[in-house]
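Now for the letters of each chain:
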Amino acid sequence: MENRESIPCVELRNLVKRFPGVTAVDHVSLKVEKGKVFSLLGPSGCGKTTALRIIAGLETMDEGDVLIDGKVINDVPAYKRDCSIVFQTLALFPHMTVEANVSYGLEQRKVPKDEIRKRVGEIIDLMGLGGMEKRRPSQLSGGQQQRVALARSLILSPKVLLLDEPLASLDRKLRKGMQVELKRIQREVGITFLYVTHDQKEALSLSDTIAVMDKGKLEQVGTPEEIYETPRTKRVADFIGASNIFPGKVIASGNGKVQLETEGGSRVIALENKDIRSEEVTGISVHPELVEVLPEGTGLEGDNRFRGKIVEMIYQGDFIETKICLDQTGGLITSYLNSRLGRETQFSPGEEVLVHWSPESSNILLG
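Residues numbered from 1 in each chain as written. Predicted model: local features only at pLDDT ≥ 70, side-chain atom pairs only at ≥ 80, totals over all residues. Heavy atoms only, no water.

S.K.: Just checking my understanding: could you explain the nonpolar core for this structure?
M.R.: Generally speaking, a soluble globular protein has its nonpolar side chains buried in company with each other. Counting residues in hydrophobic clusters, the biggest one holds 35 residues, and the most contacted among them are I123 and L150. Broken down by secondary-structure element, the contributors of at least two residues to this core are helix 2 (98-108), helix 3 (113-126), helix 4 (142-154), strand 7 (160-164), helix 5 (172-189) and strand 8 (192-197). Sequence-distant contacts of I123, defined by excluding residues within four places in its chain, comprise V102, A151, L154 and I155. If you look at the next biggest cluster of nonpolar residues, it comprises 28 residues, including V25, V32, I73 and C83. (Core = buried A, V, L, I, M, F, W, Y, C linked by side-chain atoms within 4.5 Å. Buried < 20%, exposed > 50% of the residue type's maximum accessible area, 1.4 Å probe, protein only. Helix = DSSP H or I, 4+ residues; strand = E, 2+ residues; numbered from the N terminus. Contact = heavy atoms within 4.5 Å.)

S.K.: So what exactly am I meant to see when it comes to helix 3 here?
M.R.: For an α-helix, 3.6 residues make a turn, and residues three or four places apart therefore share a direction. Between its first and last C-alpha, helix 3 extends 20 Å over 14 residues, near the 20 Å set by a 1.5 Å rise per residue. Among all positions in helix 3, only I116, V120, I123, I124 and L126 are buried. Buried residues of helix 3 fall within an arc of 150° about the axis and therefore sit on the same side. The outward face of helix 3, more than 90 degrees from its buried face, is lined by the exposed residues D114, R117 and D125. A positive phi of about 70° marks G128, the residue just after helix 3. (Expected span 1.5 Å × (residues − 1). Arc of directions from axis to C-beta.)

S.K.: It is not clear to me how the packing of aromatic side chains should be interpreted in this structure. Could you clarify?
M.R.: Between two aromatic rings, the relevant description is the distance of the centres plus the angle of the planes. If you walk through the whole model with that rule in mind, you get four aromatic pairs. An aromatic cluster of three or more residues is present, and its members are F246, F306 and W357. The aromatic ring of F93 is capped on one face by R152, whose charged end is 5.4 Å from the ring centroid. (Phe/Tyr/Trp six-rings, centres within 6.5 Å; stacked < 30°, edge-to-face > 60°. Lys NZ or Arg CZ within 6 Å of the ring centre and 35° of its normal.)

S.K.: Looking at this structure, how should I read the sheet that holds strand 20 (residues 363-365)?
M.R.: Strand-to-strand pairing in sheets goes through backbone hydrogen bonds, with the strands running parallel or antiparallel. Read from one edge to the other, the open sheet built from five strands follows the order 13-12-11-14-20, with strand pairing classed as antiparallel. Edge positions in the sheet fall to strand 13 (267-271) and strand 20, since each of these pairs with one other strand and no more. For this sheet the average axis-to-axis angle between neighbouring strands, irrespective of direction, equals 45°. In the sheet, strand 14 (residues 283-286) pairs with strand 20 via three bridges, with the strands oriented antiparallel. In the strand pairing of strand 20, S285 is matched with N363. (Pairing = 2+ DSSP bridges. Axes fitted to C-alpha atoms, helices over the stretch in contact; angles between N-to-C directions.)

What follows is the structure in structure tokens.
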């Protein structure tokens, strides 16, 4: 018999949802571990919100099964599913106080008043909303409204909390602060979070596990480190920010390395992966922060060294986004240079340089 602890909090089995002219969710299967933060990440229209709405019971599926705590809930109405949802719009009741918004779900469940008062007090303290109980949503900041929406959902102690782009409407500084708050709250309450976002940094900072979706399909599931450092496909690499992608095919291998010929005609080197057949490889990706820029006089000896000319430098605070046109192919490569380096190591647009990265930094792509 399966150990109860090993049963996923949420499981999708071969989930399919079609709308006229498009398959929004295309045979998606995944498991969400209990007590963790699991993020569905992808561009707008990739199917992540549709999948979330199916789990919540707000959308019907065409094929597949949805399970919560090991039980199929396909035919269970939304109000009977042991999950709560926080929308991007928050959907707070504008005429109600913070206290009334938070207690609403418990009142609907006919929980005794003493119990409601106790639980509302606890969750308001947890959310840092003390002293705001009598305020209405219009009297709160965006971050405070966000906490009220979370409190209203968490007070019901759901098996899983579904969050649909909940921070999208906040400004950058507030969004970053709320990410820290969300992690703290999740650790303290121990409830499983299933989080939908199109923001790569948000997913990387919040999640225990990330599933990247594109055009209704599941592209890759892994830890934030795996998704960022070793994206499996061009689509994942491009979306997660590995802006240097070189489509190509393996032409030689040996000494633990493989040599690829790119579509532009250059040769790049990567470490060999015994689990991947040469014919499966479709190219490599390399993150901009792993691309080194060297003065023109530096020798070309060694792997992955190419001459080029700096065409653009964009100051980004802690780094300078530097675009270099490669002499051999005419293609662009991006490097993130430390903006705090000394004058003697600085470069300027129009300067001839050498770019380099190690074979260890070349991530092999499969599709």
